[in-house]
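Below are the chains, spelled out letter by letter.
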Amino acid sequence: MSIDDEMREALITFTVESLELLQEMEDGLLSLEDGSDAGERINAIFRAAHTIKGSSGLFGLDHIVAFTHVVESVLDALRDGTISVSSELIAALLPCCDYITLLIRAVADGQMETDPDMIATGQELITGLQVFLTQPATSNKPITVSEPQSQVVSLGSGDFENGNWHLSIRFGVDSLRDGMDPLSFIRYLGTLGSIRQISTLSESLPDAEKMDPESCYLGFEINLQSNAGKEEIENVFEFVRDTSIIRILPMDSKIEDFIALIKELPEDDAFLGELLVKSGALTHRELQEALNQQVSENRIPENDALSVKPKQPIGEILVEQHAVQQPIVNAALDKQKQIKDNKAKENQSIRVDAERLDVLIDLIGELVIAGAGVNLLALETREARLHEATGEMMRLVEEVRDSALQLRMVPIGTTFSRFHRVVRDVSKELGKDIELLINGADTEVDKSVVEKIGDPLMHLVRNSMDHGIETAEVRRERGKPPRGRLGLNAYHASGSIVIEVMDDGGGLNRDRILAKAIERELIAPNAVLSDQEVYALIFEPGFSTAQQISNLSGRGVGMDVVKRNVTALRGRIEVESQLGLGTTMRIHLPLTLAIIDGFMVGVGSSTFVIPLDRILECVALPEDTEDREYVDLRGEVLPLIKLRQLFEIEGETPKRENIVVVEYAGNKAGLIVDQLLGEFQTVIKPLSKLFTHIKGVAGSTILGSGKVALILDVATLLDFVSVKAQAAISSKNI
């Protein structure tokens, strides 16, 4: 692979990962408004922005770097407590996520530089962020706590009253000879804060007759209250640092602040020393001294090259040197372990191009077809050993198929999480207070289904918010909580996935829907419809009972699109509603769109495949049925559909016919066929656009013999029975 190809691959990875990070940023920002502790979430948002900025710089995307830098600055101020979480801040940051998303998508489309319109948009967003960067500080950084302490415990002798830093200083014996004035350092230290207590140590003073007037015997224990960091305090003693002993430690009462800061550090570095330096508990000089000691102690003697001496942990060295306290080292070790564990988890999964998965699924589909052909030939030979071998092969093919399909399964939660933003924005637009509740986000479904269900869900959610959930005033009048509730739920049921969109709004008005349908001549005035049939009318093109048309809905062009899209996915929609209490839209979808288990039947010279999960049983057609369109199935009236007549298949009807009893949405029917050919794994091939108008057919498949078989759409066939029955009732009433 050439360098250009590698860069192109890397750029694709960058855009994919950046879009995922932006989604995480948006989710994180939306979650900040819930009022709970937001510390870790703010850090996660900051890390996402920081990663995008850094990665953009690698590819020379300076416009993304420049814009993200401003966003990062605002997030940094939020992280430091300089600004606080507010709805205004969230409202300013969310469009920034959208803008960065546009920039990333433009890069994915080959646009490496932004255009003037995008620049103007970005500048407008930056202007909006500047407000937050100029706000006065609302709190101090964790490392520079300035609140007075009622009591501190001395690390040396004596008790100290206040302060956040404790300094143990032992000036070198030659400090005076070197022209250094120890007291000048103490006075300069006072410029960084307030020296709350100082103790002069005399332990090094010799007897008077042995005292050298040019030698320095001074030592100090100092309690300092300062907003300065450890590195800055250490620099005060820069000129005597090499000859003196300088120990700077946070007071015991401040150790918890450093531990908290270490926990909040980004997971960029896994080295203990780097974590401690970043937290401010350790200076670079202290770390270097500890590392030097570790290397010197571990040096192998030249005459003993085979000896192995374990390294002393750097944390132990730092504690021994009084550079940092043990609890802080423990916190850094815990953080180090957390980083390693998370990276190990990341390494457990690999990113695979979706197109490669599609190719794999196609190949598996061809394998299924080829396997079916082999199995068919084996059956014709009536060779037991061959039949046994092909049976084992088909079992393995089925396992390979299921494993391959499992690779495409993704949690529906990715789709659901997008609606946090939608509900937030639409609620503000409508002036309603609406809460989104999500259940079953871990429910897995085929990737292709997830990609195609987003738009129908968007229509349903917006429709519920606009027409279903009432305003706060109306809800109070009706005895409801002022805050409306919108729910998204997903679960598996009978080999399919069920997605529910629920609201606790006013519910569907059955009488109004019925009147509108009669007005539009969709149904006869004397038609007798069940609740389900009435509610199904809202999916008719152009059908709307909304009294007002808004920017969101009301023109009756959304729900029919929903039904069309769901039907295209081989799904269906059920509606449950109670006037005044709310509505539930329930979408049933297949788990996968690629391969199904089917049951082959023969009618004349034609072969059909019926989805196996729709079949209840197969029975012989009673000989006395004649031309009746129903049979008595153990006391139950079962309507019949004669496939020979429906698809106009020529040929003589056999003496013995069979009924395949199918069910869909609680309705049953019997499909009359000539032959029952058995179960069959089948790959669904979509029909050409020329044949999309044909009702009752969901697709086609290729049999092992090379013949083409049509896959029946049971839902449409049952609708056919229902319409036929309704027409019969209407004609009798007339």
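Residues numbered from 1 in each chain as written. Predicted model: local features only at pLDDT ≥ 70, side-chain atom pairs only at ≥ 80, totals over all residues. Heavy atoms only, no water.

Student: What is the right way to look at the overall build of the chain in this model?
Tutor: Summing up its helical and strand segments, the chain has 22 helices and 21 strands in all. Taking all 734 residues of the chain together, 43% fall into the buried category. Once local pairs closer than 6 in sequence are excluded, the contacts in the chain between residues at least 24 apart make up 68%. Counting every atom, the chain has about 39400 Å² of accessible surface; 52% of that belongs to carbon and sulfur. (Helix = DSSP H or I, 4+ residues; strand = E, 2+ residues; numbered from the N terminus. Buried < 20%, exposed > 50% of the residue type's maximum accessible area, 1.4 Å probe, protein only. Contact = heavy atoms within 4.5 Å. Areas by Shrake-Rupley, 256 points an atom, 1.4 Å probe, with all protein chains shown as cover.)

Student: What exactly am I supposed to notice about the pattern of salt bridges here?
Tutor: It is possible for side chains bearing opposite charge to pair when their charged atoms get close. Counted according to the given criterion, the structure contains 31 salt bridges. Here R421 and E26 are joined by a salt bridge, their closest N and O atoms 3.1 Å apart. One end of the pair, R421, is in helix α15 (residues 413-430); the other, E26, is in helix α1 (residues 3-31), with 395 residues separating them in the sequence. Here E451 makes a salt bridge to K447, at a shortest N to O gap of 2.2 Å. With E451 and K447 both in helix α16 (residues 447-468), this residue pair falls four residues apart, about one helical turn. Here K447 falls in the partly exposed class, since its relative accessible area comes to 27%. Each of the salt bridges in this network shares a partner with another, and the network as a whole consists of E26, D98, R421, R424 and D425. (Salt bridge = Lys/Arg side-chain N within 4 Å of Asp/Glu carboxyl O.)

Student: What should I look at first to understand helix α5 (residues 116-133) in this one?
Tutor: In an α-helix, one full turn covers 3.6 residues, which means residues spaced three or four apart are oriented alike. For α5, which comprises 18 residues, the first-to-last C-alpha distance of 25 Å matches the rise-based estimate of 26 Å (1.5 Å per residue) to within 8%. On the buried face of α5, the contacting elements are α3 (62-80) and α4 (87-108). (Expected span 1.5 Å × (residues − 1).)

Student: So what exactly am I meant to see when it comes to α3 here?
Tutor: Its 19 residues place the ends of α3 26 Å apart at the C-alpha level, agreeing with the 27 Å of an ideal helix rising 1.5 Å per residue. All buried positions along α3 are accounted for by I64, F67, T68, V70, V71, E72, V74, L75, A77, L78 and D80. Once α3 finishes, G81 follows within two positions and takes phi at roughly 85°, a positive value.

Student: Hey, could you run me through the layout of surface pockets in this one?
Tutor: Using a probe with the size of a water molecule, rolled over the atoms, empty space left in the structure can be pinpointed. Its boundaries defined by the atoms lining it, the second largest pocket holds a volume of some 2100 Å³. As for the second largest pocket, its lining consists of 42 residues, and the residues nearest its centre are V16, E20, T414, R418 and K447. Looking at the lining of the second largest pocket, the elements that each hand over two or more residues are α1, α4, α13 (354-381), α14 (384-407), β5 (409-411), α15 and α16. The element that contributes the greatest number of residues to the lining of the second largest pocket is α1, accounting for 11 residues. Taken together, the residues that form the lining of the second largest pocket break down as 17 nonpolar, eight polar and 17 charged. (1 Å grid on protein atoms, 1.4 Å probe; cavity = no way out; pocket = protein on both sides within 12 Å on 5 of 7 lines; lining within 4 Å. Points joined across faces, edges and corners; volume = space filled by probe spheres on them. Nonpolar A, V, L, I, M, F, W, Y, C, P; charged D, E, K, R; others polar.)

Student: Quick question: what am I supposed to make of the packing of aromatic side chains here?
Tutor: Think of a pair of aromatic rings as described by two things: how far the centres are apart, and how the planes are tilted against each other in angle. In the structure shown here, the tally under the stated rule is five aromatic pairs. Considering the side-chain rings of F185 and F237, the 6.2 Å spacing of their centres and the 25° angle between planes classify their relative orientation as stacked. With a gap of 52 residues between them, F185 in helix α6 (residues 182-189) and F237 in the loop between α7 (230-235) and β4 (245-250) connect regions that are remote in the sequence. Taken as a pair, F185 and F237 share a single burial class, namely buried. One Lys or Arg, R628, reaches over the ring of Y630 and ends 5.8 Å from the middle of that ring. (Phe/Tyr/Trp six-rings, centres within 6.5 Å; stacked < 30°, edge-to-face > 60°. Lys NZ or Arg CZ within 6 Å of the ring centre and 35° of its normal.)

Student: Even after reading the chapter, I still don't get the pairing of strand β3 (residues 219-226), so can you show me in this structure?
Tutor: Walk down a regular strand and you will see the side chains alternate between the two sheet faces. Burial runs high along β3: eight of the eight residues are buried. Going residue by residue along β3, you find G219, E221, N223 and Q225 tucked away on one face and F220, I222, L224 and S226 tucked away on the opposite face as well.

Student: Explain the sheet that holds strand β6 (residues 434-439) here, please?
Tutor: Working definition: the strands of a sheet are paired by backbone hydrogen bonds and lie parallel or antiparallel to each other. Strand order in the open sheet formed by five strands is β6-β8-β9-β11-β10, with mixed pairing between adjacent strands. Of all the strands in the sheet, the pair left with one neighbour each is β6 and β10 (572-578). Going across the sheet, the axis of each strand differs from the next one's by a mean of 15°, ignoring polarity. Bridge count between β10 and strand β11 (residues 582-590): seven bridges; the pairing is antiparallel. Along β11, the bridge assignment pairs S577 with T583. Strands in contact with α16 are β6, β8 (484-493), β9 (496-503) and β11; relative to β9, the strand with the most contacts, it is inclined by about 20°. (Pairing = 2+ DSSP bridges. Axes fitted to C-alpha atoms, helices over the stretch in contact; angles between N-to-C directions.)

Student: I'm lost on the nonpolar core in this one. Help?
Tutor: Membership of the largest hydrophobic core comes to 44 residues, with the highest contact counts inside it found for L486, I499, I587 and L589. For this core, the leading source of residues is α16, giving seven residues. Once residues within four sequence positions are removed from consideration, L486 is found in contact with V423, I434, E435, L436, L437, V461, S464, M465, I469, V501, M502 and D503. (Core = buried A, V, L, I, M, F, W, Y, C linked by side-chain atoms within 4.5 Å.)

Student: Explain the side chain of S417 to me, please; I cannot follow it from the model alone.
Tutor: Mapping S417 onto the fold places it in helix α15. A relative accessible area of 14% means that S417 is categorised as buried. With near-sequence residues (within four places) excluded, S417 lies in contact with Q23, D27 and I438.

Student: I'm lost on the sheet that holds strand β2 (residues 193-201) in this one. Help?
Tutor: Here four strands make up an open sheet; going across it, the order is β2-β3-β1-β4 and the pairing antiparallel. Of all strands in the sheet, those with a lone pairing partner are β2 and β4, marking the two edges. Averaged over all neighbouring strand pairs, the angle between strand axes comes to 15°, with direction disregarded. Sheet topology note: the strand β1 (residues 165-170)/β3 ladder contains six bridges and is antiparallel. Looking across to β3, one finds that R170 is bridged to G219. Against the sheet, α6 makes contact with β1, β2 and β3, and its axis sits at roughly 15° relative to β3, the strand it touches most.

Student: Would you mind showing me how to read unusual backbone geometry here?
Tutor: Most peptide bonds take the trans form, and the phi angle of most residues other than glycine is negative. Backbone geometry at H322 places phi at a positive 60°, although glycine is not the residue there. If you trace the backbone, H322 turns up in the loop between α11 (314-320) and α12 (326-347). In this structure, R382 takes a positive phi of about 60° despite not being glycine. The topology assignment puts R382 in the loop between α13 and α14.

Fair warning: the whole summary comes from geometry, so function is off the table for now.
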